[in-house]
Amino acid sequence: MSWSFLTRLLDEISNHSTFVGKIWLTVLIIFRIVLTAVGGETIYYDEQSKFICNTQQPGCENVCYDAFAPLSHVRFWIFQVILITTPTIMYLGFAMHKIARMEDGEYRPVRNQKKRMPIVSRGAVRDYEEAEDNGEEDPMIAEEIEQDKPDKAEKSSEKKHDGRRRILRDGLMKVYVCQLLWRSAFEVAFLFGQYILYGFEVIPSYICTRSPCPHTVDCFVSRPTEKTIFLLVMYVVSFLCLLLTIFEIIHLGVGGIRDTFRRRATLASRAPRPSSSRAMPTAPPGYHATMKKEKLKGELRDSPMGDSGRESFGDEGPSSRELERLRRHLKLAQQHLDLAYQAEEGSPSRSSSPEVNTAAQTAAEQNRLNFAQEKQGEASEKGIHA
Amino acid sequence: MGEWGFLSSLLDKVQSHSSVIGKVWLSVLFIFRIMVLGAGADKVWGDEQSSMICNTKQPGCKNVCYDHAFPISHIRFWVLQIIFVSTPTLIYLGHVLHVIHKENKIREHMQTHSRSEVVKVPKYSNEKGQVKIKGDLLGTYMTSIFFRILLEVAFIVGQYYLYGFVMDPRIVCSRAPCPFTVECYMSRPTEKTIFIIFMLAVSCVSLLLNVAEIFYLVCSRSARRKFKRLPSPTSAIQPRFSGDSLVKNEKLSLHDASHSTA
């Protein structure tokens, strides 16, 4: 049985599905393909040779078997698996085509950017403590960018585009849902067809009146109980796959609704702080890393004070205690700010290597000031609320 | 019937050098024809001679009647169909590989020699290894599709003349050494009919895809010709299409790199 091609394709599909989609794929491969391949071979191999009719009339057994099983169970399940995976395979083809086009379009501008400002992007990403090495690495940067290209091309083909959010971001959600709907339509159609063709049971004896059989003839099926059990198992598995597909559709719908609610909530919460939202996007990521480091150092140093401050929370005293607590919070915040100022005064000496873009430096300073202002605002708000 | 590995690997290579419809055609070929043939049809036709029963005890009669009824088994017929229909595509693949090989040599030549010595410029491929289907390559591609269409039609008509589309369970045979007329009964006629109709439907879908691909290529080619006839500002926006501007872009980007590292 040449199932390896299909299983290879399905492996690829798992990189483009949501979590529920991966469960569906696993169920499909393990329960359906393996069961059909293994069970089909062993149970149904003698279905015609052991189909015995109580007549010696030549040809009667053939025509009676043909009337009993116009399409064997195994072939039915093979068609079912192929047709049910077809929408998913078509989605895979479409997704890979679209992703290849997308990455093609994004590729050129990224390459130009990298060539014009390689050092700035590297310096911002790294910690300021490592910025001393920048001078030695400059001659390597251009070569590294050249080598990055084939790596990037390879990585992009291996990159996963799975998960609901990624699919949404890639603009493939509509096609994804469409293929899910087609899949469920096929599943329902095949379940119905299976019921019409085979019912729920394989009867042990079959009555045949087809020519050239003389009048009525009794024919006997081989392994009827085993076939009945297998048939019922495949019914349950098909139904399970259908449920998984429907659950995936619901999961996507619920996820989408939740995302819209979250977006609305974040929009509402962002409205009273316009300054911070303007400042944040321009800060290079390395800046935040240093800020976080200083914050941690500051917290560690002040922890005894903080602990003693917190100890006073334990006893629920009068409101004056709460005021004390808020004042201590304010003091802490101001200490953090002082530490941050000191750190910034120290760091310009390190980052004064000529390669660092001065524009980025002034932007970093501006962001630091904004951040400090924001912290002061936070502390004063807490004081007001007390 | 699991020996499709070599053909599959070759057709996989073609997939990246075909148009969109070509890729769909290849997928249809793989999934609906090769897979169904290997996974299902084998079992149905496996016992076609051993399970055929004739109502005579005359020795040798069954053999000659089977031979008379089935000059070529359906399975072998479909295997031949798949191989013949894939052959024009494989010839096109050969041409593509030849083109890629030549262009790689031109690129190496360009890198080692100065600009003034370069006479030939890569025409079909770019640095990423993508090949554009145009010029000679497009001609080969369209010829391969045309032959594919011819072969598909030939096989569909041949199948009709050999067997028809429905299998009758009863075969009437009067070939020597059978005594006068003898009735033979084949095994699983209905299942075979279902498979025959399925494979016929897939052949027709493949045929339609090929016809659609020819129309698509002709339309896109005429659209590209109209586009080229437009005035120059539009062509400057998309410098990718001509080989000279590719070289210019390389020069510009090199300049940028040198400025940034200074």
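The paragraphs below set out a description of the structure included in this document. On a predicted model such as this, the values are computed, not experimentally measured, just so you know.

1. Comments concerning the packing of aromatic side chains
The geometry of two aromatic rings is summed up by the distance between their centres and the angle between their planes.
Right, so step 1: Applying the stated criterion across every chain yields a total of 24 aromatic pairs over all chains.
Right, so step 2: When the centroid spacing of 5.7 Å and the interplanar angle of 55° are considered together, the rings of Trp-77 of chain A and Phe-230 of chain A count as tilted. Separated by 153 residues along the polypeptide, Trp-77 of chain A in helix 4 (residues 73-116) and Phe-230 of chain A in helix 9 (residues 224-270) bring together distant segments of the chain. The same class applies to Trp-77 of chain A as to Phe-230 of chain A, namely buried.
Right, so step 3: Both rings, one in Phe-70 of chain B and one in Tyr-163 of chain B, keep their centres 6.2 Å apart while their planes meet at 40°; by these two values the pair is tilted. Of this pair, Phe-70 of chain B sits in the loop between helix 3 (61-69) and helix 4 (74-112) while Tyr-163 of chain B sits in helix 5 (residues 136-163); the two residues are 93 residues apart in sequence, bridging distant segments of the chain.
Right, so step 4: Every member of this aromatic cluster is reached through a ring pair, and the members are Phe-79 of chain A together with Phe-32, Trp-45, Trp-78, Phe-195 and Phe-198 of chain B.
Right, so step 5: Taking the ring centre of Trp-24 of chain A as reference, the NZ or CZ of Arg-183 of chain A above it sits at 3.4 Å.
Right, so step 6: Over the ring of Trp-25 of chain B we find Arg-148 of chain B, and its NZ or CZ is 3.8 Å from the ring centre.

2. Here's the deal with the packing of helix 1 (residues 5-15) of chain B against helix 2 (residues 20-45) of chain B
All names here are of chain B.
Right, so step 1: Look at helix 1 against helix 2: their axes get within 10 Å of each other, and the N-to-C directions meet at 160°. The angle between the axes of helix 1 and helix 2 places the two elements in the roughly antiparallel class. Both helix 1 and helix 2 take part in a crossing whose hand is left-handed. On helix 2, the residues touching Ser-8, Leu-11, Asp-12, Val-14 and Gln-15 of helix 1 are Lys-23, Leu-26, Ser-27, Leu-29 and Phe-30.

3. Considering the pairing of strand 2 (residues 170-173) of chain B
All names here are of chain B.
Right, so step 1: The alternating pattern of strand 2 places Ile-171 and Cys-173 on a buried face and Arg-170 and Val-172 on a face that is not buried.
Right, so step 2: Pairing of strand 2 with strand 3 (residues 182-185) involves four bridges; the strand directions are antiparallel. For Arg-170, the partnering residue across the bridge sits in strand 3 and is Tyr-185.

4. Overview of a nonpolar patch on the surface
Residues and elements named next belong to chain A.
Right, so step 1: A contiguous nonpolar patch, built from Phe-192, Tyr-195, Ile-196, Phe-200 and Leu-232 and spanning about 550 Å² of accessible area, is present on the exposed surface.
Right, so step 2: In terms of residue count, helix 8 (residues 173-198) provides more of the nonpolar patch than any other element does, three residues in total.
Right, so step 3: Along the polypeptide, Ile-196 turns up in helix 8.
Right, so step 4: Owing to a relative accessible area of 56%, Ile-196 belongs among the exposed residues under this scheme.

Cut-off values and rules
- Numbering of residues starts from 1 in each chain and follows the order in which that chain's sequence is written.
- Each chain takes a letter, starting from A, and each ligand takes a number, starting from 1, following the order in which they are written.
- Residues qualify for local features only when their pLDDT is at least 70, as the model is predicted, and side-chain atom pairs are given and counted only at 80 or more; totals for whole chains, interfaces and linings, by contrast, use all residues.
- Values reported for side chains reflect all heavy atoms of the structure, with hydrogen atoms and water molecules removed beforehand.
- Pairing of aromatic rings covers Phe, Tyr and the six-membered ring of Trp, with a centre-to-centre limit of 6.5 Å; geometry is then stacked below 30 degrees between planes, edge-to-face above 60, and tilted otherwise.
- The numbering of helices and of strands both runs from the N terminus, where a helix is a DSSP run of H or I of at least 4 residues and a strand a run of E of at least 2.
- To sort residues, take the accessible area from a 1.4 Å probe on protein chains only and compare it with the maximum for the residue type: under 20% means buried, over 50% means exposed, and anything in between is partly exposed.
- The criterion for a charge sitting over a ring is simple: Lys NZ or Arg CZ within 6 Å of the ring centre, and within 35 degrees of the ring normal.
- For helices, the fitted axis covers only the stretch in contact; all axes are lines through C-alpha atoms, and the angles between them, taken along N-to-C directions, range from 0 to 180 degrees.
- Our angle categories are set so that under 35 degrees counts as roughly parallel, over 145 as roughly antiparallel, 65 to 115 as roughly perpendicular, and the remainder as oblique.
- Handedness of each helix crossing follows the sense of rotation of the near helix against the far helix: counterclockwise by less than a right angle gives left-handed, clockwise gives right-handed.
- The criterion used for residue contact is that any of the two residues' heavy atoms lie within 4.5 Å.
- A pair of strands is considered paired only if DSSP assigns at least 2 bridges between the two.
- Note on patches: the residues involved have over 30% relative accessible area and no salt bridge, like charges join within 9 Å, and the nonpolar side chains Val, Leu, Ile, Met, Phe, Trp and Tyr join within 5 Å.
- Accessibility throughout is a Shrake-Rupley quantity obtained with a 1.4 Å probe, and a residue counts as covered only by protein chains that appear here.
- Each reported salt bridge corresponds to a side-chain nitrogen of Lys or Arg within 4 Å of a carboxyl oxygen of Asp or Glu.

Treat this as a map of the structure, not an account of what it does.
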